[in-house]
Amino acid sequence: MLVLSLDSSSIASVALSRDGEVLREFATSDTRSHAEALAPAVRGLMSAQGVTGAELDALLVGTGPGPFTGLRAGLATARALGFAWELPVHGLCSLDAVAHRVAPTVRTAGHPEFLVAIDARRKELYWRHYRVDDDAAGTSATPVSAPQVGAPEELPDLPCAGPGAGLYPDRLAHPLRGTEELHPTAADLARAGWALTSRGTPLSTDTSPLYLRDSDAKVPASLKRVTS
């Protein structure tokens, strides 16, 4: 199954994968240039791999949580490409990408449960609680809670992975060292999606954004009167 994945919940990233194996990937280090980076990255990856939209089987997009403008850029790009290429577009929580990547490390460290947290700005974190599971297919991360947003001190007393662990190490109970740079990426999203489907769990077609709070942009309560 050839899948194009996109995520813009933190950094902007794109990946091409076949049956969970990432063929090519792109990721920025900038958390504020999503709209400018995504379309050229898609074009560049597909051209380098020598594939067209008609050869893809599906698109997978990270649904957040994430800042309003950046998250919307990835979702809008994925939906537009799905419409143009007549392909199904699946959505997956972006935090699940990091959780899938760190689950084996967490298991080795002896932790049965953990958190993934990323920057939500306003001195808060987006986070989700996971359980580590093992089966014939390997180690995986199973969500225990819905994605949430809050101050670092409000997070459960559990090991915490992801960029949030690096932002507030003194305000979290157990930051997992070495995971501070693991932003959600399209490549890890593709691997997490394949881990689900290979275990018989179909991917959702719900691509509703997980904003978790209102946008900073506000519509004025009343319009100002223009005078000449």
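Figured I'd write up the structure that's included with this text. In this text, all values refer to a predicted model and were calculated from it rather than measured experimentally.

### Structural notes on the packing of aromatic side chains
Turning to step 1, where the next piece is worked out: For the structure shown, the criterion picks out two aromatic pairs.
Turning to step 2, where the next piece is worked out: Taken together, a centroid distance of 4.6 Å and an interplanar angle of 35° make the contact between Phe-68 and Tyr-211 tilted. Taken as a pair, Phe-68 in helix H2 (residues 68–85) and Tyr-211 in the segment after helix H5 (186–198) lie far apart in primary sequence, 143 residues in all.
Turning to step 3, where the next piece is worked out: A ring pair is formed by Phe-114 and Tyr-130, whose centres lie 5.5 Å apart and whose planes are at 20°; its orientation type is stacked. Residue Phe-114 is located in strand E6 (residues 113–121), and its partner Tyr-130 is located in strand E7 (residues 124–135); the two are separated by 16 residues in the primary sequence. Of the two residues, Phe-114 and Tyr-130, both sit in the buried class.

### Description of the side chain of Asp-188
Turning to step 1, where the next piece is worked out: Positionally, Asp-188 belongs in helix H5.
Turning to step 2, where the next piece is worked out: In contact with Asp-188, other than residues within four places in its own chain, are Ala-97 and Arg-101.

### Focus: the pattern of salt bridges
Side chains that differ in sign of charge can pair as their charged atoms come close.
Turning to step 1, where the next piece is worked out: In total, this model carries eight salt bridges according to the counting rule given.
Turning to step 2, where the next piece is worked out: Among the salt bridges present, the one from Arg-101 reaches Asp-188, with a minimum N-O distance of 3.3 Å. With Arg-101 in helix H3 (residues 95–108) and Asp-188 in helix H5, this pair connects stretches of sequence that are 87 residues apart.
Turning to step 3, where the next piece is worked out: Among the residues examined, Arg-101 registers a relative accessible area of 46% and is labelled partly exposed.
Turning to step 4, where the next piece is worked out: The class of Asp-188 is buried, set by a relative accessible area of 4%.
Turning to step 5, where the next piece is worked out: Glu-124 is the partner of Arg-213 in a salt bridge, and the nearest nitrogen-oxygen pair spans 2.5 Å. Of this pair, Arg-213 sits in the segment after H5 while Glu-124 sits in strand E7, placing them 89 residues apart in sequence.
Turning to step 6, where the next piece is worked out: The exposure class assigned to Glu-124 is partly exposed, which follows from its relative accessible area of 24%.
Turning to step 7, where the next piece is worked out: Where salt bridges share partners, they join Arg-101, Asp-188 and Arg-191 into one cluster.

### Overview of the sheet that holds strand E3 (residues 21–27)
Turning to step 1, where the next piece is worked out: Spatially, five strands are ordered E3-E2-E1-E4-E5 in an open sheet, and the strand pairing comes out mixed. At either margin of the open sheet sits one strand with a lone partner, and together these are E3 and strand E5 (89–92). The average undirected angle you get between the axes of adjacent strands in this sheet is 20°.
Turning to step 2, where the next piece is worked out: When strand E1 (residues 2–7) meets strand E2 (residues 13–18), the two strands line up antiparallel, connected through six bridges.

### Describing the side chain of Ser-5
Turning to step 1, where the next piece is worked out: Assignment of secondary structure puts Ser-5 in strand E1.
Turning to step 2, where the next piece is worked out: Ser-5 sits in the buried class, given a relative accessible area of 0%.
Turning to step 3, where the next piece is worked out: Beyond its immediate stretch of four places on either side in the chain, Ser-5 contacts Ser-13, Val-14, Ala-15, Leu-60, Ala-186 and Ala-190.

What counts, and at which threshold
- Residues numbered from 1 in each chain as written.
- Predicted model: local features only at pLDDT ≥ 70, side-chain atom pairs only at ≥ 80, totals over all residues.
- Heavy atoms only, no water.
- Phe/Tyr/Trp six-rings, centres within 6.5 Å; stacked < 30°, edge-to-face > 60°.
- Helix = DSSP H or I, 4+ residues; strand = E, 2+ residues; numbered from the N terminus.
- Buried < 20%, exposed > 50% of the residue type's maximum accessible area, 1.4 Å probe, protein only.
- Contact = heavy atoms within 4.5 Å.
- Salt bridge = Lys/Arg side-chain N within 4 Å of Asp/Glu carboxyl O.
- Pairing = 2+ DSSP bridges.
- Axes fitted to C-alpha atoms, helices over the stretch in contact; angles between N-to-C directions.

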